[in-house]
Amino acid sequence: MVTVSFFHWAIWSAMLCSVFYFVTGGKQEMAVEAWSDSWISEENFTTMVKHSFRFSRCCNVYLNGSTSGINALFRRFINIYPYEYLVERHTYDCQGYFLLASTEEQLVDALTYVPSKISTTELLIIVDSTLEEDSMLFDVDLYNNADANLASPSGIWSLSANYLRPRMFKKMKRYKELIYDKRIVNFNGRLLQASSFYNPPFTYMSKTVNKTYNGAEVSFFLADDDTERDGIEMQIFMLMAEKLNFTWMIRRPLGRHRYGREVNDTFFTDGMIGMIIEKEVDIAFSSIWLKTDHYKFANLSEAWYQLYIGFLVPRPKLRTSFWALTRPFTVEVWLGIVAMLILKSSYLYTRAWINPKMPRRYRNCVVTMTELMGRLVGTWTPTDTESVRMQLHLWQIAGLLVVTAYCSSLAASLASSEYEERIDNVRQFLKANLTWSMSGATPRFGDYFDFKDPFESQMPSKFVYHNSDEERQAAVKRGNQAIFGKLVGKLFFPDVNITNEELKNYRLMRQKVGTYYACFAVQPWLLEPISTLMLWLREGGITIFHQKDVIRRRVKLSLREVLKEQDKSDGVARVLALTPLGAGFSFLIFGLFVSTVVFYLELRSGRKSRSNPRMSKEKLGVQDPPNRASTVPAKLYAEEIFLGRKLYPATT
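This is a predicted model, so every value here is computed, not measured. (Residues numbered from 1 in each chain as written. Predicted model: local features only at pLDDT ≥ 70, side-chain atom pairs only at ≥ 80, totals over all residues. Heavy atoms only, no water.)

Enquirer: Just checking my understanding: could you explain the packing of helix 8 (residues 331-354) against helix 10 (residues 389-415) for this structure?
Expert: Each pair of packed helices gets described by two things: the angle between the helix axes and the distance between those axes. Relative to each other, helix 8 and helix 10 sit at 165°, their axes nearing to 13 Å. It follows that helix 8 is roughly antiparallel to helix 10 by the angle criterion. As helix 8 runs across helix 10, the sense of the crossing is left-handed. Between helix 8, through Trp 334, Ile 337, Met 340, Leu 341, Lys 344, Tyr 347, Leu 348 and Arg 351, and helix 10, the contact on the second element is made entirely by Gln 391, Leu 392, Trp 395, Val 402 and Tyr 406. Partitioning the contact of helix 8 with helix 10 into residue classes produces ten nonpolar, one polar and two charged. (Axes fitted to C-alpha atoms, helices over the stretch in contact; angles between N-to-C directions. Helix = DSSP H or I, 4+ residues; strand = E, 2+ residues; numbered from the N terminus. Parallel < 35°, antiparallel > 145°, perpendicular 65-115°, else oblique. Left-handed = near helix turned anticlockwise from the far one by under 90°. Contact = heavy atoms within 4.5 Å. Nonpolar A, V, L, I, M, F, W, Y, C, P; charged D, E, K, R; others polar.)

Enquirer: Quick question: what am I supposed to make of the packing of aromatic side chains here?
Expert: Any pair of aromatic rings gets described here by the distance separating the centres and the angle formed by the planes. Going through the model one piece at a time under the given rule, you end up with 36 aromatic pairs. Their ring planes at 20° and their centres at 5.0 Å tell us that Phe 77 and Tyr 81 sit as a pair that is stacked. Judged by its relative accessible area of 3%, Tyr 81 falls in the buried class. Ring centres 5.8 Å apart and planes at 80° place the aromatic pair Phe 187 and Phe 246 in the edge-to-face group. Linking Phe 187 in the loop between strand 7 (169-172) and strand 8 (190-195) with Phe 246 in strand 11 (residues 246-251), this pair joins segments that are 59 residues apart in sequence. Each member of the pair, Phe 187 as well as Phe 246, carries the same accessibility label: buried. By way of ring pairs, the aromatic residues Trp 289, Phe 311, Phe 429, Trp 436, Phe 445, Tyr 448, Phe 449, Phe 463, Phe 484 and Tyr 516 are connected into one cluster. Looking at Arg 361, its charged tip hangs above the ring of Tyr 362, at a distance of 4.8 Å from the centre. Geometry around Tyr 204 places Arg 554 over its ring, the cationic atom sitting 3.8 Å from the centre. (Phe/Tyr/Trp six-rings, centres within 6.5 Å; stacked < 30°, edge-to-face > 60°. Buried < 20%, exposed > 50% of the residue type's maximum accessible area, 1.4 Å probe, protein only. Lys NZ or Arg CZ within 6 Å of the ring centre and 35° of its normal.)

Enquirer: It is not clear to me how the environment of Leu 312 should be interpreted in this structure. Could you clarify?
Expert: Examined against the element boundaries, Leu 312 turns out to sit in strand 16 (residues 305-314). Through-space distance from the C-alpha of Leu 312 to that of Asp 424 is 9.9 Å; in sequence the pair is 112 residues apart. With residues near it in sequence (within four places) discarded, Leu 312 still touches Ala 482, Ile 483, Phe 492, Leu 503, Tyr 506, Arg 507, Leu 508 and Val 562.

Written as structure tokens, this is what we have:
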């Protein structure tokens, strides 16, 4: 049994040793025999690999053939290539492709698996056989937007840059000529089709003309003067045209959606992004968002700036309330004062019926509460306070403090303007029951709001679609319409046209509801030079310069005014009108009316008393005291009668 086991082990070991190569995690190594030198020298092969994979940091390797030349070239490749590679497998994360075969037919089949539409794909193709001038490998349609170098015993070729049309293979004399410089390119005056629209402060083009292009009538912007050729992104675009040496024509976007719209997560239609996908234009710009649905279908350049989304909301209105006299104290303070007044009145009323030394007037609840109110405001100071003198003095001291605090606060609040609460966040936006709208079709709300936020998730329900500017202007005049727009730098730019008169009643809501990066959408072969140039312009501060310069020249004063708060005190005391003092005058009129009624009743009672003194006394329950005129003053006697008390006990 031991002998058989050893025999099987020997067979399996021999089979494993016969494997031609193996792949390990990280750097792959291959055990091959030393073959004879190939037709490419060590130095030239190193130069070719270095210049062909200038930007790739990993490589997909395709091998087909077992000749000594192929094995020798592959062994040299793994010795000089400094990064990881995959053999007979590929991943899109690796943008480099090394194709090595003995016949051109094998390589043509392998090229169908290469993502050549991606402009950052780098190809090095080596054929270990002679190539004829009509070889299928010279068909430029196989390479789309990829960069490619081709080598065989009959020569070396380099495919022209992907930004030139038509592309062609050029035969090189030296291996050093295989360099692709993607950073500094020259389009040699090539005409590029661009797309944009009127969108201040990014672009200001508005004049169009219809022209026939490729058999179809297309609307182009004239851009024939400095006013039309203005805007932040327009200035950046013209700088790119100058540095990359291309000419341009700018087309109006097609369809209802300016940027286009994703349909069923499978394709994009209409707008500038749709035109890029259909290759109707080469480059598009006008505040294109660097977001998922755009990035999924089109090539987006490096961003030039970060922008924010916000709202203009109605300014707080000046508030003048009929109950302005109650403002110095909160509702809780007023309730506390009323509660203490009732409690104190109940205490004096109850004690007056128990303690005979207490003034008898406190046995009347109305009189007790009236006196306490008078003492509280400092207008009641009778001397007869036996048994409760200390308590009433403390009550008057507390009233002095309350009245002092009330008067000082009232003077401060009534002398300065008072406004409604500001709308500075989404919660207050919803509380004010505002609506909002934007130009174009109904937007994708997920691009603007965080649906995980309980308040922002309600914003789509506040969206109102307006069929015309007249509908929007009517909503603005009603005062319940917010204005959607974006912040560039520190200034706000509305998404819709709004007049200076309308802007006077609006201010910027402090909370931003979204942020995004603005970029250019380009064809794949334009991505590298446009992104590189965009980075240079951004790092050099050129983009910020044009942003400030355009805003300084083109932004109207009314857009700056929305940043100012106008609902704060200017330090000037205002003249009081009748409304804030209306409650005080109302109480005065009510008191005068009650006093008049009481006075009328007193007069009527006195007239009856004079006409029939005896009957009047009996009706009131009062008898003539002995020597009445000498013992009781008439005034005090009349007062006691009015209060319903008998000054002297009745006699039979």
